[in-house]
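Examining the three-dimensional arrangement
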Amino acid sequence: MAYDKFSGIKTPAVPLPIENVDTDQIIPARFLKAVERKGFGDNLFRDWRYAKDGSLKPDFPLNDPKYSGKILVGGKNFGSGSSREHAAWAIYDYGFRVVVSSFFADIFKGNALNNGLLPVVVSPEFLQKIFDATEKDANTVFEVDLEKQSFTITTSGESTEFEINPYKKHCLKNGLDDIDYLVEMKEQIAEFEAAK
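Residues numbered from 1 in each chain as written. Predicted model: local features only at pLDDT ≥ 70, side-chain atom pairs only at ≥ 80, totals over all residues. Heavy atoms only, no water.

1. Observations concerning helix H6 (residues 166–174)
- Three or more residues of H6 are buried, namely Lys168, Lys169, Cys171 and Leu172. One face of H6 carries all of its buried residues, which in axial projection span an arc of 165°.
- Looking at where H6 begins, the residue whose side-chain oxygen comes 2.7 Å from the main-chain nitrogen of tyrosine 167 is asparagine 165.
- Just downstream of H6 lies glycine 175, where phi reads positive at about 65°. (Buried < 20%, exposed > 50% of the residue type's maximum accessible area, 1.4 Å probe, protein only. Helix = DSSP H or I, 4+ residues; strand = E, 2+ residues; numbered from the N terminus. Arc of directions from axis to C-beta. Polar contact = N/O pair within 3.5 Å; in protein donor to acceptor, adjacent residues only side chain to side chain.)

Pasting the structure below:
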């Protein structure tokens, strides 16, 4: 199994109301030396989270103790820039399972789905409602239901649907990457080959 199976979660969210967050801000290039997916969460948003002396910047949302949860809510155009897969690794390794935005860069969105991270696209209006809810109460719980493809603000009951490729949905629900999926189908593949 490539990553944890995902069917849905109920959790608070960490707001990052910044537009045009690129992959170099998510995980700076100087931390791309490792080839395993582990340890990247320590340097997620490194230059925004830490001062030059290595101390945490208290005004950055990930450092604010009032925010917690497995959902990261970003501004429009999240994950732009280079195609580094490490950006998705860092977000997943930090503990997030869902990233919400009104627009994702295509390559980031694909990398996220390939690494067990669910990118949820919502309208700009609904995104603002999420930010407003976390600002009003940092403990606001949100529900993500992969089967129904819905994202709900539990305090108000407001909900929206999101799109996901059926193949990627299957992979997320079963914790499979592309290779795992092929291995899962090895009997059908063998039968197909035998029938030729």
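Still more to cover.
2. With respect to the pattern of salt bridges
- Per the stated rule, a full pass over the model turns up four salt bridges.
- For aspartate 24, the salt bridge goes to arginine 84, with nearest N and O atoms at 3.0 Å. Of the two residues, aspartate 24 sits in helix H1 (residues 23–26) while arginine 84 sits in the loop between strand S3 (71–74) and helix H3 (86–94), which places them 60 residues apart along the sequence.
- Accessibility expressed as a relative area gives 37% for aspartate 24, which makes it partly exposed.
- Arginine 84 gets classed as buried once you look at its relative accessible area, which sits at 17%.
- One salt bridge connects glutamate 147 with lysine 173, and the closest N-O pair in it is separated by 2.4 Å. With glutamate 147 in the loop between strand S6 (142–145) and strand S7 (150–153) and lysine 173 in helix H6, this residue pair connects regions lying 26 residues apart in the sequence. (Salt bridge = Lys/Arg side-chain N within 4 Å of Asp/Glu carboxyl O.)

3. Considering empty space enclosed by the protein
- In this structure the tally under the stated criterion is one cavity of 30 Å³ or more.
- Along its surface, the largest cavity is lined by Tyr3, Leu113, Asn114, Lys168, Cys171, Leu176, Asp177 and Asp178.
- Where the lining of the largest cavity is concerned, the elements lending two or more residues are helix H4 (106–114) and H6.
- A per-class count over the lining of the largest cavity returns four nonpolar, one polar and three charged. (1 Å grid on protein atoms, 1.4 Å probe; cavity = no way out; pocket = protein on both sides within 12 Å on 5 of 7 lines; lining within 4 Å. Points joined across faces, edges and corners; volume = space filled by probe spheres on them. Nonpolar A, V, L, I, M, F, W, Y, C, P; charged D, E, K, R; others polar.)

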